Structure formats: structure tokens, C-alpha cells
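# What the coordinates show
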Amino acid sequence: MSHAFVRARRNEMLLAYALLLPSLVFLAAFTYWPILRSIWFSLHDVLLGDPDIYWLGAENYLRLLDDRLFWKVLGNTAFYTLTTIPLSIAAALLLALALDSKLRGMAIYRSAFFYPVMIPSVAAGMLWVFLYAPGYGPINEALTSLGLPRLDWLYDSKWALPAIVIMSIWKYSGYFMLILLAALKLVPSDLYEAARLDGVSGWHRLLHITIPLISPTLYFVIIIGTLHSYQIFDYVYVMTQGGPADSTNVLTYYIYQNGFQYQDIGYASALANALLVFVLSLIGLVAVTLGRKVHYLGER
């Protein structure tokens, strides 16, 4: 191996590290260091604004096991995640398939379906508070016109969390739709033509052609949806404040309550680490179950 080749390889590696350095510094300062700091705080008794900290060891984590509200909040988070992700992606796929047709005026519909993504989260939450209003809300008015009973959406512990799920589906489906629509454009049209000539039904074309060929994008969307699913603090804060009776309290809001309302930074850090484990476990489960079924072009 010549010295010139070795020198060129070394220069390429140095250039690569130089280009990666800003991102690595950013990740270290705003991701890895806060995680390490959170782990350190979770092992101590730390009060907001108090310079004195006291070693507790695993006491905050043992407290999690005995905290009934923590388990309820964890259940609420799991329910939100396991309902919002599949329903949002299913709605996004249906919209993408509909908008992939070559009908006139589809650009307007694409913009309309994507518009909720551009609305700030707080504004979207306030909008849906109005839509869900028990006395004058348009949703209850529509139910009344259909002969159905009115619902106290955000004031009924049975309906408050499903109401937030519905709002989240409306908010995120357009974003997922745009990604899936781009993937559909890459599917070769001659495969559909050959399937039609062979008499393959539309459902089987979707199941055996479309979904396998866009499976990498579907997998990406599922991962992104999983990451979005635990970032719902703003909706809960604006719409329900975790109520009624903690029926909409999720891990992010419970962390906020303990850290900034109760000023218990140590316990809030333990909750944050539990959230991190929950998210990583969910992503790991997705990778093990669905990652193996992803079909990449060129693979046999």
C-alpha cells in the first residue's frame, strides 16, 4: 500500500471527523450530558433551587415501584402510544394512496391535509378545546344532529385521553402522509400494470406490492411516530392539565409536575430515566418485530 494512498485515507478520515465534530459537540452538550446529569440527580435528594443535595442511592427508583400514580401514568402513556401510532399511520397511508392518484386539484388537498402539521401545538390544543366544548362545541353539535348524546370530552375520565388521541391523529397524519406519498412515487408503475393484467385485486396489490416496496419508509415513520408519542406535554398542559382524575396524565407531564410544581428534581429525574427506558424498549421492540420485515430494493 503506497504512502500516498495512506495519506489520502488519513485526510479523508480527518475531514469526516471535522465535519462530524459540530454535531458531536451538540449531541454531547444537549443530549448525552443531560442524560448523565439526570442519572446523577436521580440518585440524590435534590430540590429545585436548593444547593444542597443528599445521596439516596436507588431510593427514588424504589419509590417508583410503590407509586400508584406512576403506574397509572405509564399506562396512559402506553395507551396513547399504542393507539396514536397505528391509527395515525393507517390514516396517513389511506390519504397518501388517495392523493397519489392523478386527479386534478390534488395539490390543494395535499396542502389541506398537511396544514394541521404547521399549526403550533398550543394553538392546535386551544382549537380542539373549543371543538370539544360540551355546551357549544361543533363536535357535540354534530353528535346532536345525528341523534347521539353529547359527551363531556375533556371532563370525562373515560373520554379525555381518547379525545387527545383523536386530536393527535389529526395533527400528525398529514406529516406521515407527506413522507408516505413521496415513497409511493418511487414504486414502479409497471408492477401495478402487470398485476392488473393478471387480474390481481386492488387489496392484493396494496398488500403484496405497495406495502413491501414502501416498507423502509413505513418503518421510518413508525420510529418517528414512536418518538413523537411521548412528546405530548404541550397538548396535555393546554387541554386537560392531566385531568380529570389523572386520566390524561402522561410521563412527560408527570415529570413536569414533580420537577417544577413539587420541586422534587431527584424524583423527576428518576421519572425521566424511566421514560427513556420506556421509549428505548418500545423502539427496540419495533426494531426486533418489524425491522426484520423491511424489504429494501436490491435485496433477495
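Quick note: structure is the one above.
Residues numbered from 1 in each chain as written. Predicted model: local features only at pLDDT ≥ 70, side-chain atom pairs only at ≥ 80, totals over all residues. Heavy atoms only, no water.

When you go through the protein chain residue by residue, the secondary structure sums to 13 helices and two strands. Taken against the 2.2 N^0.38 rule, which gives 19 Å for 300 residues, the C-alpha radius of gyration of the protein chain at 24 Å runs more than 25% over that of a compact globule. Each principal axis of the C-alpha distribution contributes one length, and for the protein chain these read about 85 × 75 × 30 Å. Taking all contacts inside the protein chain whose residues are at least 6 apart in sequence as the whole, residues at least 24 apart take part in 67%. Accessible area for the protein chain stands at about 17,800 Å²; split by element, carbon and sulfur atoms hold 69% of it. Distance between charge centroids for the protein chain: 13 Å, based on 19 positive and 18 negative side chains. (Helix = DSSP H or I, 4+ residues; strand = E, 2+ residues; numbered from the N terminus. Rg over C-alpha atoms; globule rule 2.2 N^0.38 Å. Contact = heavy atoms within 4.5 Å. Areas by Shrake-Rupley, 256 points an atom, 1.4 Å probe, with all protein chains shown as cover. Lys, Arg positive; Asp, Glu negative; His and termini not counted. Charge placed at Lys NZ, Arg CZ, Asp CG, Glu CD.)

We now examine the side chain of threonine 81. Mapped onto the fold, threonine 81 is located in helix H3 (residues 68–99). At 3.3 Å, the side chain of threonine 81 forms a polar contact with the side chain of serine 229. Once you skip the residues sitting within four places of it in the chain, threonine 81 turns out to touch Pro86, Ser229, Phe278 and Leu282. (Polar contact = N/O pair within 3.5 Å; in protein donor to acceptor, adjacent residues only side chain to side chain.)

Core analysis: the biggest nonpolar cluster contains 44 residues, and Ile89, Tyr132, Trp153, Phe176, Leu180, Ile214 and Met239 have the highest contact counts within it. Within the residue set of this core, elements represented by two or more residues are H3, helix H5 (121–131), helix H7 (160–184), helix H8 (189–197), helix H10 (215–229) and helix H11 (233–239). Discounting chain neighbours no more than four positions away, the residues touching phenylalanine 176 are Ser88, Ile89, Ala92, Val221, Ile224 and Gly225. (Core = buried A, V, L, I, M, F, W, Y, C linked by side-chain atoms within 4.5 Å. Buried < 20%, exposed > 50% of the residue type's maximum accessible area, 1.4 Å probe, protein only.)

Moving on: the packing of H3 against H7. Viewed as axis vectors pointing N to C, H3 and H7 meet at an angle of 40°, and their least axial separation amounts to 6 Å. Taken together, the axes of H3 and H7 are oblique relative to one another. Relative to H7, H3 is oriented so that their crossing is right-handed. Its residues assigned to classes, the contact of H3 with H7 comprises 22 nonpolar, six polar and no charged. (Axes fitted to C-alpha atoms, helices over the stretch in contact; angles between N-to-C directions. Parallel < 35°, antiparallel > 145°, perpendicular 65-115°, else oblique. Left-handed = near helix turned anticlockwise from the far one by under 90°. Nonpolar A, V, L, I, M, F, W, Y, C, P; charged D, E, K, R; others polar.)

The element helix H12 (residues 251–261) is largely enclosed, with a buried count of eight among its 11 residues. Within H12, burial applies to Leu251, Thr252, Tyr253, Tyr254, Ile255, Gln257, Asn258 and Gly259. Glutamine 263 lies just past H12 and shows a positive phi near 60°.

Right, let's talk about unusual backbone geometry for a bit. Note the cis peptide between glycine 243 and proline 244, where omega equals -5°. Looking at the secondary structure, you find proline 244 in the loop between H11 and H12. Positive phi is not limited to glycine here, since glutamine 241 has a value of about 55°. When you line up the elements, glutamine 241 lands in the loop between H11 and H12. Here glutamine 263, not a glycine, exhibits a phi torsion of approximately 60°, which is positive. Here glutamine 263 lies in the loop between H12 and helix H13 (265–289). Take glutamine 263: its relative accessible area is 38%, and that puts it in the partly exposed class.

Here we come to the packing of aromatic side chains. By the definition in use, this model includes 16 aromatic pairs. Relative to phenylalanine 176, the ring of tyrosine 172 lies with its centre 6.5 Å away and its plane at 25°, an arrangement referred to as stacked. Note that tyrosine 172 and phenylalanine 176 are positioned in helix H7 at a spacing of four residues, about one turn of the helix. The exposure class of tyrosine 172 is buried, given its relative accessible area of 12%. Members of the aromatic cluster, each reached through a chain of ring pairs, are Trp128, Tyr132, Trp153, Trp159 and Trp170. Its guanidinium or amino end placed over the ring of tyrosine 267, arginine 63 lies 3.7 Å from that ring's centre, counting from NZ or CZ. (Phe/Tyr/Trp six-rings, centres within 6.5 Å; stacked < 30°, edge-to-face > 60°. Lys NZ or Arg CZ within 6 Å of the ring centre and 35° of its normal.)

Here we take up the pattern of salt bridges. For the structure shown, the criterion picks out five salt bridges. Residue arginine 63 pairs with aspartate 264 through a salt bridge whose shortest N-O separation is 2.9 Å. Pair noted here: arginine 63 is in helix H2 (residues 59–66) and aspartate 264 is in the loop between H12 and H13, with a separation of 201 residues, a long-range link. Judged by its relative accessible area of 38%, arginine 63 is partly exposed. Judged by its relative accessible area of 14%, aspartate 264 falls in the buried class. (Salt bridge = Lys/Arg side-chain N within 4 Å of Asp/Glu carboxyl O.)

By themselves, these are just geometric observations and shouldn't be taken as functional.
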